[in-house]
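A structural walkthrough
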Amino acid sequence: MAYTKEDIIRMVKEEEIEFIRMQFTDIFGQLKNVALTASQVEKAVNNKIMFDGSSIEGFVRIDESDQCLYPDLDSFMVFPWRPAHGKVARLICDVYNPDQTPFVGDPRGVLKRALKKAESMGYDAFNVGPECEFFLFQTDEEGKPTTKTNDEAGYFDLGPLDHGESTRREICLALEQMGYEIEASHHEVAEGQHEIDFKYTDALKAADNIMTFKLAVKTLAQKNGLHATFMPKPIFGINGSGMHTNMSLFRNGKNAFYDPDGPKGLSKEAYSFIAGILHHVKGMAAITNPLVNSYKRLVPGYEAPCYLAWSASNRSALIRIPAARGQSTRVELRSPDPCCNPYLELAVCLAAGLDGIEKGMTPPAEITENIFKMDADARAKAGIDSLPGSLEEAIHAMEADPLILETLGDHVAQNYIEGKMKEWDEYRTRVSSWEREKYIINY
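Residues numbered from 1 in each chain as written. Predicted model: local features only at pLDDT ≥ 70, side-chain atom pairs only at ≥ 80, totals over all residues. Heavy atoms only, no water.

1. Considering the pairing of strand β3 (residues 49–52)
Both faces of the sheet carry side chains from a regular strand, because those side chains alternate between them. Rule in force here: Think of it in three bands: residues with accessible area under 20% of the maximum for their type are buried, residues over 50% are exposed, and the middle band is partly exposed, with areas taken using a 1.4 Å probe on protein chains only. Working definition: helices are DSSP H or I runs of at least four residues, strands are E runs of at least two. Numbering for both runs from the N terminus. Whether two strands pair comes down to DSSP finding at least two bridges between them.
By the alternation rule, side chains of β3 split into Ile49 and Phe51, which are all buried, and Met50 and Asp52, of which none is buried. The sheet contact formed by β3 and strand β4 (residues 66–78) spans 4 bridges and is antiparallel. Paired with Phe51 across the two strands is Gln67, which belongs to β4.

Here it is in structure tokens:
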């Protein structure tokens, strides 16, 4: 919807909305908000809401703390899960400096800069369709999450085995009320694991949608006494959660990845885009897979891709080209997990793909066999490399990739690396229950 300031002021009044949440995302992908009462709506739509940026991790230091929220008026939406009395609406915001310049540390701004680059190369849209997986767990008497699912269902199963089904249905209905087009919703492979896919849209809207989706899932699960988590690998020995990302570039309204006469119906640009992503995917990993826990999902045996290869059909490859052609031709990157900051993730994916196109890169040969069944020698012979094996490795790969650092900008890159190294050190020095079980008696 295209809204004016007057529309929003009128709707807040007519619909008796009492609170407005001014939402933005920090560099680590956490949704933040400044909550206002309805009386402040005029200030809100005129970019007059300030907040203390020094209290947001990775934003600014205490001596330069004032920042402003510039709402994207088209993002205005009423939360359907709030009561009819005391309605709550939200606006997604860009973060600006007090001198009215965009703040360099705003992840939404990072994605906007990457989209400008695509525009300068003649592309009028970068479309993205995310596939978000999550777990629904039961909570204990204190309302704290457990890892119990009370669920024996498997892939695509229906109730009564799938106890999360009614919550998943409620989430889908709430999202549809918010204007999402839900393409699929099903039980995933693991117990308690679910997936909801929504229709592709342009990258900025897709990233906004992912953030709203995560909020809706967590809120509605909590309302039903469940805990939803997007943690990539909450339980050892079963599949983790991913966020497969389907991408396509459009030029003059036509899908630039489609060429009916090209090999496999793909254009030269599609092949170069694939090559660019494969070239930079290690440097992107700290963004696409941002947690210590992310690398426990990216191991062989649980359908998560950990080897650098592409294929038109093979689901063990990192990049898959789904069967649809024409306007639906797309490249699917299977490594990202749903904890990533979607603005930064889509920015680095786009930058890597465009780098491939600009430099006319060609991808290695397609791998059609199951990579998980190959041994190390066979993979080496086929020239198949692996993703980083830990967050530490991923951070070093990112530091070694100038394109990724440049796409993020100095401010985001430095603060992100610093924050993630701190996280890695915290993990590295912590004594786990595995270590105690393994060593305390024997040694």
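2. Notes on the packing of aromatic side chains
Let me state the cut-off plainly: Ring pairs shown here join Phe, Tyr and Trp side chains whose ring centres sit within 6.5 Å, with only the six-membered ring taken for Trp; geometry is labelled stacked below 30 degrees between planes, edge-to-face above 60, and tilted in between.
Evaluation of the coordinates by the stated rule reveals 17 aromatic pairs. Seen from their ring centres, Tyr70 and Tyr96 are 3.8 Å apart, and the 5° between their planes marks the pair as stacked. Here Tyr70, found in strand β4, pairs with Tyr96, found in strand β5 (residues 87–96); they are 26 residues apart in sequence, far enough to count as distant. Judged by relative accessible area, Tyr70 falls into the buried class, the value being 15%. Between the aromatic rings of Phe79 and Trp81, the centroid separation amounts to 4.7 Å while the plane-to-plane angle is 15°, which identifies the pairing as stacked. Members of the aromatic cluster, joined through ring pairs, are Phe134, Tyr180, Phe198, Phe213 and Phe230.

3. Describing the state of the cysteines
Spelled out, the test is: When the sulfur atoms of two cysteines come within 2.5 Å, that pair is taken as a disulfide.
Applying the stated criterion across every chain, the model contains 0 disulfides. In this structure Cys93 is a free cysteine whose sulfur lies 11 Å from that of Cys68, the closest cysteine sulfur available. Cys349 takes part in no disulfide bond, and the closest cysteine sulfur to it belongs to Cys340, at a distance of 8.2 Å.

4. As for the confidence of the model for the protein
Here is the rule: pLDDT is a residue-level measure of predictor confidence that goes from 0 to 100. Contact criterion: two residues are considered in contact whenever any of their non-hydrogen atoms come within 4.5 Å of each other.
Averaged over every residue, the pLDDT of the protein is 89; the share at 70 or more is 95%. Mean pLDDT across the elements of the protein bottoms out in strand β7 (residues 182–187) (81) and peaks in helix α8 (residues 342–358) (98). This model gives residues 153–162 a pLDDT under 50, and the stretch forms 25 contacts once residues within four places in sequence are excluded.

5. Describing the packing of helix α3 (residues 107–120) against helix α5 (residues 203–223)
Stated formally: Helix axes are fitted to C-alpha atoms over the stretch in contact, other axes to C-alpha atoms as well, and angles between N-to-C directions run from 0 to 180 degrees. We call two directions roughly parallel when the angle between them is under 35 degrees, roughly antiparallel when it is over 145, roughly perpendicular when it lies between 65 and 115, and oblique otherwise. We call a crossing left-handed when the near helix sits turned anticlockwise from the far one by less than a right angle, and right-handed when that turn is clockwise. Under the scheme applied, nonpolar residues are Ala, Val, Leu, Ile, Met, Phe, Trp, Tyr, Cys and Pro; charged residues are Asp, Glu, Lys and Arg; polar residues are all the others, including Gly.
At their nearest, the axes of α3 and α5 sit 10 Å apart, and the two run at 155° to each other. Judged by the angle between their axes, α3 and α5 are roughly antiparallel. Two packed elements cross with a definite hand, and for α3 against α5 that hand is right-handed. Packed against α3, whose contacting residues are Arg108, Leu111, Lys112 and Leu115, the element α5 presents Ala203, Leu204, Ala207 and Asp208 at the interface. Its residues placed into classes, the contact of α3 with α5 shows 5 nonpolar, no polar and 3 charged.

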